[in-house]
Amino acid sequence: MEMIIAANWKMHKKTGDTAEFCRAILKDQQLFKGVEVLICPPYTSLPLAAEFLNDSSLKLGAQDLHWEQEGAFTGEIAGPMLADLGVEYVIIGHSERRHIIGESNNRIRSKVKAALEAGLKPILCVGETEAEREQGSANSVISEQLLAALEGLAPGDMEELVIAYEPVWAIGTGKAAQPGDADAACSFIREVLQNAAGPERAQKIRIQYGGSVKVDNIGSFVEFASIQGALVGGASMQPDSFSALIQAARKAVQN
Ligand code: 13P
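Computed from a predicted model, the values in this text were never measured in an experiment.

Analysis parameters
Residues numbered from 1 in each chain as written. Predicted model: local features only at pLDDT ≥ 70, side-chain atom pairs only at ≥ 80, totals over all residues. Heavy atoms only, no water. Near = heavy atom within 4 Å. Polar contact = N/O pair within 3.5 Å; in protein donor to acceptor, adjacent residues only side chain to side chain. Areas by Shrake-Rupley, 256 points an atom, 1.4 Å probe, with all protein chains shown as cover. Nonpolar A, V, L, I, M, F, W, Y, C, P; charged D, E, K, R; others polar. Axes fitted to C-alpha atoms, helices over the stretch in contact; angles between N-to-C directions. Helix = DSSP H or I, 4+ residues; strand = E, 2+ residues; numbered from the N terminus. Parallel < 35°, antiparallel > 145°, perpendicular 65-115°, else oblique. Left-handed = near helix turned anticlockwise from the far one by under 90°. Contact = heavy atoms within 4.5 Å. Disulfide = S-S within 2.5 Å. Buried < 20%, exposed > 50% of the residue type's maximum accessible area, 1.4 Å probe, protein only. Pairing = 2+ DSSP bridges. Phe/Tyr/Trp six-rings, centres within 6.5 Å; stacked < 30°, edge-to-face > 60°. Lys NZ or Arg CZ within 6 Å of the ring centre and 35° of its normal.

Quick notes on the site of the ligand
Move 1: In the vicinity of the ligand there are 13 residues, among which Lys10, His94, Gly172, Ser212 and Gly234 approach most closely.
Move 2: Within the contact set of the ligand, an oxygen atom lies 2.9 Å away from a backbone nitrogen or oxygen of glycine 233.
Move 3: Calculation on the ligand without its partners gives an accessible area of 300 Å², and the protein chains cover 96% of this total.
Move 4: Looking at the shell around the ligand, its residues break down into four nonpolar, seven polar and two charged.

Rendered as structure tokens:
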């Protein structure tokens with residue numbers, strides 16, 4: 001299964017910064033062989049990034065979408081608009097949207113459905129808060145998030161998903177999960193997926209780890225068979241560090 005490493009720029013980078021990043025990262029693309037590399041810029045940079053990445057091996061992702069295909073929703077962006085730009089993936093249910101914007105599991109389910117309807121592949125984010133981990137309820141939170149998002153999906157559609165395990169306390173803190181804990185959580189996610197989609201289909205779903213991933217620790221995550229890539233925030237902002245991180249991941253898997 002091809003590893004997938006995604007850059008989530010969150011609310012960073014204007015068009016000039018996007019152009020600069022794309023120019024630089026494209027020079028290294030031959031060093032990323034065997035890794036699916038994905039850039040998720042803010043909406044305002046998607047058309048420009050699409051132009052740069054067109055004809056490259058790098059893919060484009062969006063950070064969110066609306067749950068309807070079109071309509072009177074001022075300020076929102078619908079899946080077909082993203083697909084029209086050449087966007088292939090869309091992040092759904094990121095913890096910043098769950099916890100800052102207040103998105104519910106039901107809302108996230110409707111977005112997963114909308115993405116699939118628009119022909120986009122959802123990167124569904126799940127993960128527990130620090131308090132939930134301390135209370136010993138991490139697994140129940142994760143399975144609730146997963147099962148709520150998958151409810152009503154045809155098992156065939158589930159194969160299109162990527163799951164990002166992002167423990168909330170590890171995001172942007174410099175305090176990554178212990179690799180063994182990430183392995184345990186991702187293995188648990190696989191079990192939930194197997195029950196929901198059947199073992200064969202679940203095998204096709206890639207699971208990423210996210211939360212303070214850096215060039216120095218990426219190898220310790222992807223060397224576990226349970227983890228097929230990473231969702232990267234801070235370390236994806238500079239082309240040099242992102243490129244080094246992808247190469248380190250590739251090396252770790254080859255070893
Ligand atoms: P950091 O890599 O900055 O911790 O962010 C992780 C993240 O939220 C990616 O979606």
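With respect to the packing of helix 5 (residues 105–117) against helix 7 (residues 138–150)
Move 1: Across the interface, helix 5 lies against helix 7 with an axial gap of 7 Å and an inter-helix angle of 45 degrees. Taken together, the axes of helix 5 and helix 7 are oblique relative to one another. Seen along the crossing, helix 5 lies across helix 7 with a hand that is right-handed. Contacts between helix 5 and helix 7 involve Asn105, Ile108, Arg109 and Val112 on the former and, on the latter, Glu144, Gln145, Ala148 and Ala149.

Observations regarding the state of the cysteines
Move 1: By the definition in use, this model includes zero disulfides.
Move 2: For the unlinked cysteine cysteine 40, the closest cysteine sulfur is that of cysteine 125, found at 9.4 Å.
Move 3: Given a relative accessible area of 0%, cysteine 40 falls into the buried group.
Move 4: In this model cysteine 186 remains outside any disulfide bridge; the closest cysteine sulfur is found in cysteine 125, 12 Å from its own.

Section: the pairing of strand 6 (residues 162–165)
Move 1: Where burial is concerned, the two faces of strand 6 agree: the one with Val162 and Ala164 and the one with Ile163 and Tyr165 are both buried.
Move 2: Strand direction decides the pairing type here: strand 5 (residues 121–126) and strand 6, joined by four bridges, are parallel. In the sheet register, isoleucine 123 faces strand 6, and the bridge partner there is valine 162.
Move 3: Here four bridges tie strand 6 to strand 7 (residues 206–210), and the two strands are oriented parallel to one another. Paired with tyrosine 165 across the strands is tyrosine 209, a residue of strand 7.

Topic: the sheet that holds strand 5
Move 1: Strand order in the closed barrel formed by eight strands is 1-2-3-4-5-6-7-8, with parallel pairing between adjacent strands. The sheet shows a mean angle of 25 degrees between the axes of neighbouring strands, direction not considered.
Move 2: Helix-sheet contacts for helix 7 involve strand 5 and strand 6, and the interaxial angle to strand 5 is about 155 degrees.
Move 3: Each of strand 1 (3–8), strand 2 (35–40) and strand 8 (229–232) touches helix 12 (residues 239–254); the most contacted strand, strand 1, lies at about 160 degrees to it.

Some thoughts on the packing of aromatic side chains
Move 1: Using the criterion set out here, one finds five aromatic pairs in the structure.
Move 2: Geometrically, the ring pair formed by phenylalanine 21 and phenylalanine 242 is tilted, given 6.4 Å between the ring centres and 40 degrees between the ring planes. One end of the pair, phenylalanine 21, is in helix 1 (residues 15–26); the other, phenylalanine 242, is in helix 12, with 221 residues separating them in the sequence. The burial state of phenylalanine 21 is the same as that of phenylalanine 242; both residues are buried.
Move 3: Ring geometry for tyrosine 209 against phenylalanine 221: centres 4.2 Å apart, planes inclined by 15 degrees, an arrangement best described as stacked. Here tyrosine 209 is found in strand 7, whereas its partner phenylalanine 221 is found in helix 11 (residues 218–222), with twelve residues between them in sequence. Each member of the pair, tyrosine 209 as well as phenylalanine 221, is classed as buried.
Move 4: Stacked on the ring of tryptophan 9, the Lys or Arg lysine 13 has its end atom at 5.1 Å from the ring centre.
Move 5: The ring of tryptophan 67 carries arginine 107 above its face, with NZ or CZ at 3.4 Å from the centroid.

Description of the packing of helix 7 against helix 9 (residues 179–197)
Move 1: Packing of helix 7 against helix 9 brings their axes to within 10 Å, and their N-to-C directions diverge by 35 degrees. The two elements helix 7 and helix 9 cross, and the hand of that crossing is right-handed. For the pair formed by helix 7 and helix 9, the contact residues are Asn139, Ile142, Ser143, Leu146, Leu147 and Leu150 on the first element and Ala185, Phe188, Ile189, Val192, Leu193 and Ala196 on the second.
Move 2: Tallied by class, the residues present in the contact of helix 7 with helix 9 amount to ten nonpolar, two polar and no charged.

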